[in-house]
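In case you want the letters, here they are:
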Amino acid sequence: DAGVIQSPRHEVTEMGQEVTLRCKPISGHNSLFWYRQTMMRGLELLIYFNNNVPIDDSGMPEDRFSAKMPNASFSTLKIQPSEPRDSAVYFCASSPRRGDSPLHFGNGTRLTVT
Amino acid sequence: GNSVTQMEGPVTLSEEAFLTINCTYTATGYPSLFWYVQYPGEGLQLLLKATKADDKGSNKGFEATYRKETTSFHLEKGSVQVSDSAVYFCALSDRGNNDMRFGAGTRLTVKP
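First, a word on scope: everything that follows refers to the structure included in this document.

About the thresholds
Residues numbered from 1 in each chain as written. Chains lettered and ligands numbered in written order. Predicted model: local features only at pLDDT ≥ 70, side-chain atom pairs only at ≥ 80, totals over all residues. Heavy atoms only, no water. Helix = DSSP H or I, 4+ residues; strand = E, 2+ residues; numbered from the N terminus. Buried < 20%, exposed > 50% of the residue type's maximum accessible area, 1.4 Å probe, protein only. Contact = heavy atoms within 4.5 Å. Areas by Shrake-Rupley, 256 points an atom, 1.4 Å probe, with all protein chains shown as cover. Lys, Arg positive; Asp, Glu negative; His and termini not counted. Charge placed at Lys NZ, Arg CZ, Asp CG, Glu CD. Pairing = 2+ DSSP bridges. Axes fitted to C-alpha atoms, helices over the stretch in contact; angles between N-to-C directions. Buried area = accessible area lost by both parts, 1.4 Å probe. Salt bridge = Lys/Arg side-chain N within 4 Å of Asp/Glu carboxyl O. Nonpolar A, V, L, I, M, F, W, Y, C, P; charged D, E, K, R; others polar.

## Some details on the overall build of chain A
Broken down by element type, chain A carries zero helices and 11 strands. Taken from the N to the C terminus, the helices and strands of chain A come in the order β-β-β-β-β-β-β-β-β-β-β. With the C-alpha coordinates aligned to their principal axes, the bounding extent of chain A is approximately 40 × 30 × 25 Å. Counting the 114 residues in chain A, one finds 50% classified as buried. Taking all contacts inside chain A whose residues are at least 6 apart in sequence as the whole, residues at least 24 apart take part in 54%. Carbon and sulfur atoms make up 48% of the accessible area of chain A, which amounts to about 5,600 Å² in all. One finds the centroid of the 12 positive side-chain charges in chain A at a distance of 4 Å from the centroid of its 12 negative side-chain charges.

## Let's talk about the sheet that holds strand β8 (residues 74–79) of chain A
Residue and element names in this part refer to chain A. Taken together, four strands build an open sheet; the order of strands is β1-β3-β8-β7 and the sheet is antiparallel. Either end of the sheet is taken by a strand with one partner, and the two such strands are β1 (5–7) and β7 (65–71). Across the sheet, the axes of successive neighbouring strands diverge by a mean angle of 15 degrees, strand direction being ignored. Pairing between strand β3 (residues 19–24) and β8: five bridges, direction antiparallel. What sits directly across from Cys-23, in β8, is Ser-75.

## A closer look at the interface of chain A and chain B
Taken together, the contact between chain A and chain B spans 22 residues of the former and 21 residues of the latter. Taken together, the two surfaces of chain A and chain B that pack against each other cover about 1,600 Å², and 51% of this comes from carbon and sulfur. The shortest N-O distance in the salt bridge between Arg-101 of chain B and Asp-56 of chain A comes to 3.8 Å. With four residues, the single largest contributor to the side of chain A that touches chain B is strand β4 (residues 31–38) of chain A. In terms of residue class, the side of chain A that touches chain B is made up of 10 nonpolar, seven polar and five charged.

Dropping the structure here:
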């Protein structure tokens, strides 16, 4: 299995631009998570899906952030418009839908907004 | 709500030293507990887990025991190596859903 695949690995954009981060979970995994990691705030859960349905989006910072999962093999996290404070590493993770199952993380997308 | 508190770093040790990273949790039910490790430029990966009280998770010489009475899941290793240098995260997951909550992470540096 290729694991969780995220693209792009690095993204540099200017303030005000739209940014789209992509994730392909492990085949057969029912749950998908988006996290954001910064030095100041650590690892924050933004949103997670079970069976393509958003379950908890209380971690999404504001309306500029949106996430979709149109099918079981693809998810996007969009920021529009982007701001310098959105600079962070964004991780996607997937797991089977069981409480004792670990998460499998992608290698992340490092976003820099100038 | 569920939460995890782990000791702040950074932690710097000499090779072959004993490692302990403390982790305590707050949960309303009976969570599963995990330790993840993150190497530079990579995502988190599972190091070990325990799903019920008194269970001991172990992997690569690391161990942690699920202590319900003290709500703790401390990570230990008897003899660290330079290759163990990484950031370590304690986490819990409620059995009823997949809401995985992470601690702040502890950066470990092992010097030769």
